[in-house]
Amino acid sequence: MPAMANHRRSKRSSLTRGVIAVTTGGAALALPVIGATGAFAAPAQPAAAEKAAVSAPVSGKTISGKDAETTTYSVILGDSLAKIARDHSVSGGWEQLYKDNRKAVGGNPDLIHPGLKLTVASAANKAAGTENKAADTSASEASDSAVRTESAGNEVVAQGTPVAAVEAAPVAYTNDLDGWIKESLAVMAEHGIPGTYEGIHRNIMRESSGNPLAINNWDINAINGVPSKGLLQVIDPTFQAYHVPGTSMDSYDPVANITAACNYAADRYGSIDNVFGAY
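Residues numbered from 1 in each chain as written. Predicted model: local features only at pLDDT ≥ 70, side-chain atom pairs only at ≥ 80, totals over all residues. Heavy atoms only, no water.

*Asks:* Can you explain the overall build of the chain? Please cite residues and give values.
*Replies:* Within the chain one finds 10 helices and 8 strands. Looking at the chain residue by residue over its 279 residues, the buried ones come to 32%. Excluding contacts between residues fewer than 6 apart, the proportion of contacts in the chain whose partners are at least 24 apart in sequence is 50%. Accessible area for the chain stands at about 17400 Å²; split by element, carbon and sulfur atoms hold 54% of it. (Helix = DSSP H or I, 4+ residues; strand = E, 2+ residues; numbered from the N terminus. Buried < 20%, exposed > 50% of the residue type's maximum accessible area, 1.4 Å probe, protein only. Contact = heavy atoms within 4.5 Å. Areas by Shrake-Rupley, 256 points an atom, 1.4 Å probe, with all protein chains shown as cover.)

*Asks:* Explain the pairing of strand β4 (residues 71-74) residue by residue, including any values.
*Replies:* The two faces of β4 match: Thr 71 and Tyr 73 on one face and Thr 72 and Ser 74 on the other face are all buried. Bridge count between β4 and strand β6 (residues 117-120): 4 bridges; the pairing is antiparallel. What sits directly across from Thr 71, in β6, is Val 120. (Pairing = 2+ DSSP bridges.)

*Asks:* Tell me about the nonpolar core, residues and numbers included.
*Replies:* Grouped together as the largest cluster of nonpolar side chains are 22 residues, with contacts concentrated most on Ile 200, Ile 204, Ile 258 and Cys 262. For this core, the secondary structure elements donating two or more residues are α6 (177-191), α7 (197-207) and α10 (254-269). Take this core: its biggest share by element is 7 residues, from α10. Leave out the neighbours within four places in its chain, and Ile 204 touches Leu 177, Ile 181, Ser 209, Gly 210, Leu 231, Leu 232 and Ile 258. Ala 85, Val 90, Tyr 98 and Val 105 belong to the second-largest nonpolar core, a separate cluster that totals 13 residues. (Core = buried A, V, L, I, M, F, W, Y, C linked by side-chain atoms within 4.5 Å.)

*Asks:* Lay out the pattern of salt bridges in plain terms, naming residues and giving numbers.
*Replies:* As enumerated under the stated definition, the model contains 6 salt bridges in all. Between Lys 83 and Asp 87 there is a salt bridge whose closest N-O contact spans 3.1 Å. Separated by 4 residues within a single helix, Lys 83 and Asp 87 lie in helix α2 (residues 81-87), roughly one turn from each other. A salt bridge links Glu 198 to Arg 202; the shortest N-O distance between them is 3.4 Å. Note that Glu 198 and Arg 202 are positioned in helix α7 at a spacing of 4 residues, about one turn of the helix. (Salt bridge = Lys/Arg side-chain N within 4 Å of Asp/Glu carboxyl O.)

*Asks:* Tell me about the packing of α6 against α10, and please be specific about residues and values.
*Replies:* Any two packed helices are characterised by the angle at which their axes cross and by the distance between the axes. Where α6 contacts α10, the axes come no closer than 9 Å and their chain directions differ by 50 degrees. On the basis of the axis angle, α6 is oblique to α10. Of the two possible hands of crossing, α6 and α10 adopt the one that is right-handed. In this structure, α6 contributes Trp 180, Ile 181, Glu 183, Ser 184, Val 187 and Met 188 to the contact, and α10 contributes Pro 254, Val 255, Ile 258, Thr 259 and Cys 262. Tallied by class, the residues present in the contact of α6 with α10 amount to 8 nonpolar, 2 polar and 1 charged. (Axes fitted to C-alpha atoms, helices over the stretch in contact; angles between N-to-C directions. Parallel < 35°, antiparallel > 145°, perpendicular 65-115°, else oblique. Left-handed = near helix turned anticlockwise from the far one by under 90°. Nonpolar A, V, L, I, M, F, W, Y, C, P; charged D, E, K, R; others polar.)

*Asks:* I'd like a description of α6, backed by residues and values.
*Replies:* Each turn of an α-helix holds 3.6 residues, which means side chains three or four residues apart point in the same direction. Taking 1.5 Å as the rise per residue, α6 with 15 residues should run 21 Å; its terminal C-alpha atoms sit 21 Å apart, in good agreement. Taken as a whole, α6 has its buried residues at Leu 177, Gly 179, Trp 180, Ile 181, Ser 184, Val 187 and Met 188. Of the surrounding elements, those touching the buried residues of α6 are α7 and α10. (Expected span 1.5 Å × (residues − 1).)

Listed below in structure tokens is the structure:
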């Protein structure tokens, strides 16, 4: 017998990645073998895999941005979750990518098919989103800083704020005839009672000479027990009938007296300005 050649059988090492040939109608497709550290795209059917290999873009990035932090990635032949996570710098690696897409991928992270859409949150996109948020915050703070508030006594003025939004400070009236008339006019304006400073002042000087405690003890009203009182001489029944809410119930009170008398004059004569004698 001829001498037999010694053939050394090569020792097979453990592979984490390899290639197998799948025949699809005479065409051989090179598919990665599923390894322990990654999940590779495997076609559900050979024909579908061949079609995907031909029609899918080389980069697989028929991607539209969903927002500032994520993109949608279309899986191509030869992809694995580990490869996609590495290429897109996914924080947390393929485990995080699988966690984010578990509903789409299913229960087996090693089985992803060409054409599968994955949501990819890359570190670069997250950084861009953070920068955009920071820019929005800075713009908002700049807008807010443009509105500066200055305080002076009881007045508050805000630049960029409508005048109507600034609360008016209470008006202080002097405790004299001038102040009483002006305060009465303010109350009358709130209640739609007509009258002017000149008309009120003229009648006060004629009836009481500006004495808020003046009283008539000699006319028919006094004889009947209801004397006229105050700056604008009115009897108590008239004062009570035409009393203006928000003022004192004391007919000697200057503001209450003036507003009640002007209310009465408006009802009888149209305005206190139309009164030039006893009324």
